[in-house]
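Remarks on the overall topology
Spelled out from the first residue to the last, the chains are:
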Number of protein chains: 2
Amino acid sequence: MKVTYQGETGAYSEMAVYKFFGNKVEPVPCKDFRDVFESVKNNQVSNGVIPIENSIEGSVNQNYDLFLTYDLKVCGEVAVKLAHVLITNPQTKFEDIKTVYSHPQALGQCRNYLEKHKWEIIPAYDTAGSVKIIKEKQLFNAAAIASEKAADLYNMNITARDIADNPSNYTRFLILSHEDTPPTGDDKTSIIFSAKHAPGTLYHALGEFSSRNINLTRIESRPTKTTAWQYNFYLDFEGHRTEKRCIEALQALEKYATFTKILGSYPRVI
Amino acid sequence: MKVTYQGETGAYSEMAVYKFFGNKVEPVPCKDFRDVFESVKNNQVSNGVIPIENSIEGSVNQNYDLFLTYDLKVCGEVAVKLAHVLITNPQTKFEDIKTVYSHPQALGQCRNYLEKHKWEIIPAYDTAGSVKIIKEKQLFNAAAIASEKAADLYNMNITARDIADNPSNYTRFLILSHEDTPPTGDDKTSIIFSAKHAPGTLYHALGEFSSRNINLTRIESRPTKTTAWQYNFYLDFEGHRTEKRCIEALQALEKYATFTKILGSYPRVI
């Protein structure tokens, strides 16, 4: 069973693949998020795993947006605890460090730590990938921020630990598929909708869930990209789309939405 | 009159400074957004200008978060139309380009264009700064994405125009100050609040605005960073915080919020 993820071997996304599918899965690295969606769409793999939000840095915007382009479903979610360490080549001392490489999300999660030092910050496409860069290019005045696993994998040194702004640092991943998951009794549903342009529309739309005791776990807004300052809303709520209360809420939502897209229902993990 | 902004001369933020304050202002470049907040806090300048959201890429997360750390007010807003061009050294031909430098937001706004080519993407701290990089380092196989003004300023070539995913590409900037602005009759107010952890809280909170015919222009959620999967909400709404309906709504909001922070009221521009 092949499952795609973005990044290099040792990336947090790869850990998410193992955590969700177990150790018999074959994780397949991709250069970017679009490749993950594309590989599932074209049936090159059974599933893809993408980060959707982090507990410090917030949403992974590009993945929210890709759900508009691709007609794929969400069949699951999984959270991975991130434990960033500062990684260098073995011959590099802490005081040699002049530049730090990592994925922009990881750099953002360690912003307070990084601001204490006068290092130059260089964004890279992946956490594990940044370890690979400083190893392959033999950058002895550089460090990378990634997981301990990535340090081990590339035989590199751990120069500092616990460098995130907050030790409670989790990323939530979604599992991409062609189908969502049947009800389990403890499910979540993800949808996108665009609210009609009238006062109070968002309030009334949320009321269709609240009045049916459907708890929202997440609301995110993203620009429509077609008209400036108009937004699509992404909702995650408790319940399965086949439950009566959810069917009714989703039908009632149509009154307030110019478009809706159900991304799928899946077992609730967080 | 000195006003700070993040980036290099020729940055879109600098255009926002001129658009809001006119041509007699002295724009002062800063390395990062925190420096802009810091310079206003310490009275080194009268105001700072920060990007808060883009009509294609969405929120500038770090600036949302910095409002929690700094007790500064918003006294105005301004929108700048972004017209990205692809910039190279004069001797570089289009087919020579192998890497493209720019700010991650600008790279995101041109994502579709960039994905058509096989260029390596290198994030930089600023759009105009990326032009400076390829000029100073004499990178003849590289291009930068920035404004036409930045190309002129650094005497560089424009190799392609209209490269954003959508021609309707605007960034909204907020003006930082120690005080907000008195009522003008057409105002907007920005607040942050953290909803109590109970079902339907966000719905009921929004209801306090809707029931008083206060139109929301923007809702954004950001992680609290203290507890995973809990969020602060950022609301922009029409009206001045000294108007009766707004005073009442903000008082009623307290029932549903564990904390609220009024960032300020200012003349509505968009």
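Residues numbered from 1 in each chain as written. Chains lettered and ligands numbered in written order. Predicted model: local features only at pLDDT ≥ 70, side-chain atom pairs only at ≥ 80, totals over all residues. Heavy atoms only, no water.

1. Focus on the overall build of chain A
The number of helices and strands found in chain A is nine helices and 15 strands. For a compact globule of 270 residues, the expected C-alpha radius of gyration is about 18 Å, and chain A comes in at 20 Å, within 12% of that figure. Summarising its shape, the C-alpha atoms of chain A cover approximately 65 × 40 × 30 Å along the three principal directions. Here chain A, with 270 residues, has 58% of them falling under the buried criterion. Accessible surface for chain A amounts to roughly 11100 Å². Of this, 50% is attributable to carbon and sulfur atoms. Distance between charge centres in chain A, computed from 31 positive and 32 negative side chains, equals 1 Å. (Helix = DSSP H or I, 4+ residues; strand = E, 2+ residues; numbered from the N terminus. Rg over C-alpha atoms; globule rule 2.2 N^0.38 Å. Buried < 20%, exposed > 50% of the residue type's maximum accessible area, 1.4 Å probe, protein only. Areas by Shrake-Rupley, 256 points an atom, 1.4 Å probe, with all protein chains shown as cover. Lys, Arg positive; Asp, Glu negative; His and termini not counted. Charge placed at Lys NZ, Arg CZ, Asp CG, Glu CD.)

2. With respect to the relation of the copies chain A and chain B
The transformation that overlays chain A on chain B combines an axial shift of 0.0 Å with a rotation of 180°, and the residual RMSD is 0.0 Å. On this basis, the relationship between the two copies can be described by a two-fold rotation axis. Interface overlap between copies is the fraction of interface residues in one copy that are interface residues in the other; for chain A against chain B it reaches 100%, indicating a shared surface. (Least-squares fit on C-alpha atoms with pLDDT ≥ 70 in both. Contact = heavy atoms within 4.5 Å.)

3. A closer look at the side chain of N47(B)
All names here are of chain B. The residue N47 is located in strand β3 (residues 47-54) in this model. A polar contact is formed between the side chain of N47 and the backbone oxygen of L176, at a distance of 3.0 Å. When neighbours within four sequence positions are excluded, N47 is seen to be in contact with M1, K2, V3, T4, F21, V40, C75, I175, L176 and S177. (Polar contact = N/O pair within 3.5 Å; in protein donor to acceptor, adjacent residues only side chain to side chain.)

4. Overview of the pattern of salt bridges
Residues and elements named next belong to chain A. Tallying each qualifying case throughout the model produces 42 salt bridges over all chains. For the salt bridge of R222 with D65, the shortest nitrogen-to-oxygen distance reads 2.7 Å. Note that R222 is positioned in strand β13 (residues 216-223) and D65 in helix α3 (residues 61-69), a separation of 157 residues in sequence. Given the relative accessible area of 2%, R222 is considered buried. What makes D65 buried here is its relative accessible area of 10%. Measuring nitrogen to oxygen at the nearest pair gives 2.8 Å for the salt bridge that ties R161 to E148. Of this pair, R161 sits in the loop between β10 (157-160) and β11 (170-177) while E148 sits in helix α7 (residues 148-153); the two residues are 13 residues apart in sequence, bridging distant segments of the chain. Take R161: its relative accessible area is 46%, and that puts it in the partly exposed class. (Salt bridge = Lys/Arg side-chain N within 4 Å of Asp/Glu carboxyl O.)

5. Focus: the interface of chain A and chain B
How big an interface is tends to be expressed through the accessible area that disappears when the partners come together. In this complex, chain A contributes 42 residues to the contact, which on the side of chain B involves 42 residues. Both faces combined, the contact of chain A with chain B buries some 3600 Å², and carbon together with sulfur accounts for 52% of it. Taken as a group, Y203(A), K225(A) and W229(A) account for 20% of the area that chain A buries against chain B, more than any other trio of residues on that side. One can count two salt bridges joining chain A with chain B. Between R34(A) and E115(B) there is a salt bridge whose closest N-O contact spans 2.4 Å. On the surface where chain A and chain B come into contact, there are 14 residue pairs in polar contact (both at pLDDT 80 or more). Per-element accounting of the side of chain A that touches chain B gives the leading share, seven residues, to β13(A). Residue classes in the side of chain A that touches chain B are distributed as 15 nonpolar, 17 polar and 10 charged. (Buried area = accessible area lost by both parts, 1.4 Å probe. Nonpolar A, V, L, I, M, F, W, Y, C, P; charged D, E, K, R; others polar.)

6. Concerning the packing of helix α2 (residues 33-41) of chain B against helix α3 (residues 61-69) of chain B
Residue and element names in this part refer to chain B. Running from N to C, α2 and α3 cross one another at 35°; their axes reach a closest spacing of 10 Å. For the pair α2 and α3, the crossing hand works out as right-handed. Across the interface between the two elements, F33, R34 and F37 of α2 pack against Q62, N63, L66, F67 and T69 of α3. In terms of residue class, the contact of α2 with α3 is built from four nonpolar, three polar and one charged. (Axes fitted to C-alpha atoms, helices over the stretch in contact; angles between N-to-C directions. Left-handed = near helix turned anticlockwise from the far one by under 90°.)

7. Section: the nonpolar core
Residues F193(A), F209(A), F193(B) and F209(B) are the most contacted members of the largest nonpolar core, which totals 42 residues. Those elements giving two or more residues to this core turn out to be β12 (187-195), α8 (201-210), β14 (231-238) and α9 (244-253) of chain A together with β12 (187-195), α8 (201-210), β14 (231-238) and α9 (244-253) of chain B. The residues touching F209(B), leaving out its near neighbours within four places in the chain, are I191(B), I214(B), L216(B), L235(B), F237(B), A249(B), L250(B) and L253(B). (Core = buried A, V, L, I, M, F, W, Y, C linked by side-chain atoms within 4.5 Å.)

8. A word on α9(B)
Residue and element names in this part refer to chain B. Along α9, the residues that are buried comprise C246, A249, L250, A252 and L253. The arc enclosing the buried residues of α9, seen along the axis, measures out at 160°, which places them on a common side. Those residues of α9 that are exposed and aimed more than 90 degrees away from the buried face are K244 and Q251. In the core, the buried residues of α9 are packed alongside β12, α8, β14 and β15 (257-267). (Arc of directions from axis to C-beta.)

9. Things to note about the packing of α8(B) against α9(B)
Residues and elements named next belong to chain B. Two numbers describe how α8 lies on α9: the axes approach to 9 Å, and their chain directions differ by 165°. With respect to each other, α8 and α9 are oriented roughly antiparallel. As α8 packs across α9, the resulting crossing turns out to be right-handed. Residues A205, E208 and F209 of α8 lie in contact with α9, whose contacting residues are A249, L250, A252 and L253. (Parallel < 35°, antiparallel > 145°, perpendicular 65-115°, else oblique.)

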